[in-house]
Amino acid sequence: MKSLHLSRQQGAALLTSLVFLVILTLLGIGVYSTTTSEEKMARNFRDKEIALLAAEAALNEAKIWITASYDTGSTPSPLPQPLTSDNCPSSMNGFICEPSGITNYQSYDLYASGANSVASGSNTKVPSTISPSIVGLSAQPRYLVVLEKDSSMCGPSSATPYCFKILAQARGRMGTTRVNIIEQFTN
């Protein structure tokens, strides 16, 4: 009678272990999927931060060009003068002195050519004379400085008559990440 009882119990351990194996496999797949998603989110966040820092670098370089405040190690030759309405280098890369038709700065893509590009005749390449390349970006940051002719654009205190609108754009390590910074700057 003992042998009859054991023969009915032989498949129960196999069935139980298979159920546990399926449960553990599904749990492992879920953990892997969650980890992959979190890694992608972290990579996208890091890429956006890299692009933001690059755009801020381009913005700061534009301010240096506007104010002509250089340190001795990176002084270009000949030394430019601070930008004013009388001294606006329309031939210099990244500057527009006659901002006719430029209204919606958010829609401009400094990397594009064609319909989405900035008004024709303006070169938006960051001057390479003082800008070292930033390693790890899909493209180097760019900026566009527009001299605002209307002094009311400077804000309520128009003690400084020279107003500039600076659009800085940068791309991260992936070409799909783009950060725009737009700043009103007075000199």
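Analysis parameters
Residues numbered from 1 in each chain as written. Predicted model: local features only at pLDDT ≥ 70, side-chain atom pairs only at ≥ 80, totals over all residues. Heavy atoms only, no water. Helix = DSSP H or I, 4+ residues; strand = E, 2+ residues; numbered from the N terminus. Buried < 20%, exposed > 50% of the residue type's maximum accessible area, 1.4 Å probe, protein only. Contact = heavy atoms within 4.5 Å. Areas by Shrake-Rupley, 256 points an atom, 1.4 Å probe, with all protein chains shown as cover. Salt bridge = Lys/Arg side-chain N within 4 Å of Asp/Glu carboxyl O. Polar contact = N/O pair within 3.5 Å; in protein donor to acceptor, adjacent residues only side chain to side chain. Expected span 1.5 Å × (residues − 1). Core = buried A, V, L, I, M, F, W, Y, C linked by side-chain atoms within 4.5 Å. Pairing = 2+ DSSP bridges.

1. Quick word on the overall build of the chain
Across its full length, the chain holds 2 helices and 4 strands. Written out in order from the N terminus, the α and β elements of the chain read α-α-β-β-β-β. Every one of the 187 residues in the chain was classed for burial, and the buried ones make up 32%. Contacts in the chain between residues far apart in sequence, at least 24 positions, make up 61% of those at least 6 positions apart. Surface accessibility of the chain: about 11800 Å² in total, with carbon and sulfur atoms responsible for 58%.

2. Digging into the pattern of salt bridges
All told, the structure shown has 1 salt bridge when counted by the stated rule. Between Lys63 and Glu183 there is a salt bridge, with its nearest N and O atoms 2.8 Å apart. Taken as a pair, Lys63 in helix α2 (residues 12-67) and Glu183 in strand β4 (residues 178-186) lie far apart in primary sequence, 120 residues in all. Among the residues examined, Glu183 registers a relative accessible area of 23% and is labelled partly exposed.

3. A look at the environment of Ala62
Note on placement: Ala62 falls in helix α2. With a relative accessible area of 0%, Ala62 lands in the buried category. Considering only alpha carbons, one finds Ala62 and Leu167, 105 residues apart in sequence, at a separation of 9.2 Å. When residues no more than four places from it in sequence are discounted, the contact partners of Ala62 are Tyr143, Val145 and Ile166.

4. Observations regarding the environment of Lys48
Secondary-structure assignment places Lys48 in helix α2. Given the relative accessible area of 52%, Lys48 is considered exposed. Once the C-alpha coordinates of Lys48 and Arg178 are considered, the two residues, 130 residues apart in sequence, prove to be 7.5 Å apart. In this structure Lys48 touches Thr177 and Val179, once residues within four positions along its chain are discounted.

5. So, the side chain of Gln169
The topology assignment puts Gln169 in strand β3 (residues 163-171). For Gln169, a relative accessible area of 0% translates into the label buried. Reaching out from Gln169, the side chain makes a polar contact with the side chain of Asn180 at a distance of 3.2 Å. Among all residues touching Gln169, those that are not within four sequence positions of it are Ala55, Tyr108, Asp109, Leu110, Tyr111, Pro141, Arg142, Arg178, Val179 and Asn180.

6. Section: the environment of Phe45
Position of Phe45 relative to the elements: it lies in helix α2. Since its relative accessible area comes to 55%, Phe45 is described here as exposed. Separated by 132 residues in the primary sequence, Phe45 and Thr177 have C-alpha atoms spaced 10.0 Å apart.

7. Quick look at α2
Between its terminal C-alpha atoms α2 stretches 83 Å, which fits the 82 Å expected from 56 residues at 1.5 Å a residue. For α2, every residue scored as buried is listed here: Asp47, Ala51, Ala54, Ala55, Ala58, Leu59, Glu61, Ala62, Trp65 and Ile66. Ala68 lies just past α2 and shows a positive phi near 55°.

8. Things to note about the nonpolar core
Counting 19 residues, the largest nonpolar core has Ile66, Tyr143, Val145, Phe164, Ile166, Ala168 and Ile181 as the members making the most contacts within it. Of all elements in the fold, only α2, β2 (142-148), β3 and β4 reach the threshold of two or more residues within this core. With 8 residues, α2 is the largest single contributor of residues to this core. Counting 5 residues, the second-largest nonpolar core is a separate cluster that includes Leu110, Leu144, Val146 and Leu167.

9. Focus: the pairing of β4
Alignment of β3 against β4, held across 9 bridges, turns out to be antiparallel. Looking at the pairing, Ala168 lines up with Ile181 of β4.

By themselves, these observations are geometric and do not establish any function.
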